[in-house]
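If you want the building blocks of each chain, they are given just below.
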Amino acid sequence: MDLPICVAALYKFHPIADCAAAREPLAKLCCSRGVKGTLLLAREGINGTIAGSDEAIAEVLDHVRGLVGEDNLEVKFSRAKTQPFYRMKVRIKREIVTMGEPDIDPRQDVGQYIQPEQWNALIQEPGTILIDTRNDYEVEVGTFAGAINPQTKTFREFPAWFKAERERLLGQGAAPKVAMFCTGGIRCEKATAYLKAQGLDEVYHLHGGILKYLETIPAEQSLWEGECFVFDERVTVGHGLELGHYALCRACRRPLRDEDRTSPLFEDGVSCPACHGERSDEQRARYRERQKQERLAAERGAAHIGASPNERVDEEI
């Protein structure tokens, strides 16, 4: 299959003193080169996913390295048949991944990186506590065998979850090893910094995240079960970063199984079983009108790009 689009998921914790000054040149470069996606800028660094031609992505990454330094920019590459984003957004945020703990700085103290090749041995070691730092709708699609699901709806809930569960998880004796993982590495990097600040020493995280693991580890050696949710139109990927089998709810941006789309609560672009009870009739009416305008635009051969009602652009890629 011809996959001409390069998809780059990237992040780096690095001080950016003037995000406003950095935003416009970065946005202009991306738009001029036909690159689409989302990049988040904050005083603590940069995070996001972009897609475009190989040459354009290389040019944007060179510009990003000029902002945050040449070394240790985390980038995971994959391919797509068509452009997985509708537009280009460069946003300024308080955090590049929102935890709500202003004193946590992964540049100062962070857990130990574990390469994908060593990950299986660590999480199979007796006594190791394995924690999935992603949100509930992501964990439902796939996770590592034996991982704890904190059942958080946003990453901001993770510190409160850990404080509430700490004694049950760790007990009163010597603290066990804690291994954490996320999609691309940024959430578990910040989570390990938080646990270190809470006094834990034996804290580890998967370098490059699930995406690097699925890219690196053959399926027959893998401990991953299911697929991995990604924050773009591919929806999910599997081993080898092959395209997954889920669709996307246009109302809430959650992944949809085949049976979800046969539910009486599913209406394309309006609701799904997961979000139907979270929206009012007025909101669903707005989504229905947006869906109508998108259909009419498609019939005219034009692109209608309406704002998604509940984008999760500040979570993590």
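Residues numbered from 1 in each chain as written. Predicted model: local features only at pLDDT ≥ 70, side-chain atom pairs only at ≥ 80, totals over all residues. Heavy atoms only, no water.

1. Brief notes about the packing of helix H5 (residues 158-170) against helix H6 (residues 186-197)
The geometry of H5 relative to H6 is characterised by a closest axis approach of 11 Å and an angle of 45 degrees between their N-to-C directions. Judged on the interaxial angle alone, H6 and H5 are oblique. Of the two elements, H5 crosses H6, and the hand of that crossing is right-handed. When H5 is examined against H6, the residues Phe158, Pro159, Phe162 and Lys163 are found in contact with a partner set consisting of Ala191, Tyr194 and Leu195. (Axes fitted to C-alpha atoms, helices over the stretch in contact; angles between N-to-C directions. Helix = DSSP H or I, 4+ residues; strand = E, 2+ residues; numbered from the N terminus. Parallel < 35°, antiparallel > 145°, perpendicular 65-115°, else oblique. Left-handed = near helix turned anticlockwise from the far one by under 90°. Contact = heavy atoms within 4.5 Å.)

2. A look at the confidence of the model for the chain
It should be kept in mind that the predicted coordinates are not to be read in detail where pLDDT is low. On average, residues of the chain carry a pLDDT of 91, and 94% of them reach 70 or more. No element of the chain has a lower mean pLDDT than helix H8 (residues 281-300), which averages 86, and none a higher one than strand E8 (residues 142-144), which averages 98. Predicted confidence for residues 307-317 stays below pLDDT 50, and this span has 53 contacts to residues more than four positions away or in other chains. (pLDDT = per-residue confidence, 0-100.)

3. Comments concerning the pattern of salt bridges
Throughout the structure, instances matching the rule amount to 25 salt bridges. Glutamate 24 serves as the salt-bridge partner of lysine 28, at 3.1 Å between the closest nitrogen and oxygen. Highlighted residues: lysine 28 and glutamate 24, both in helix H1 (residues 19-32), separated by four residues, approximately one helical turn. Residues lysine 190 and glutamate 44 are paired through a salt bridge, measuring 3.0 Å at the closest nitrogen-oxygen approach. Of this pair, lysine 190 sits in helix H6 while glutamate 44 sits in the loop between strand E2 (36-42) and strand E3 (45-52), and the two are 146 residues apart along the sequence. Take lysine 190: its relative accessible area is 0%, and that puts it in the buried class. Several salt bridges converge on common partners, so that one network encompasses Glu44, Glu95 and Lys190. (Salt bridge = Lys/Arg side-chain N within 4 Å of Asp/Glu carboxyl O. Buried < 20%, exposed > 50% of the residue type's maximum accessible area, 1.4 Å probe, protein only.)

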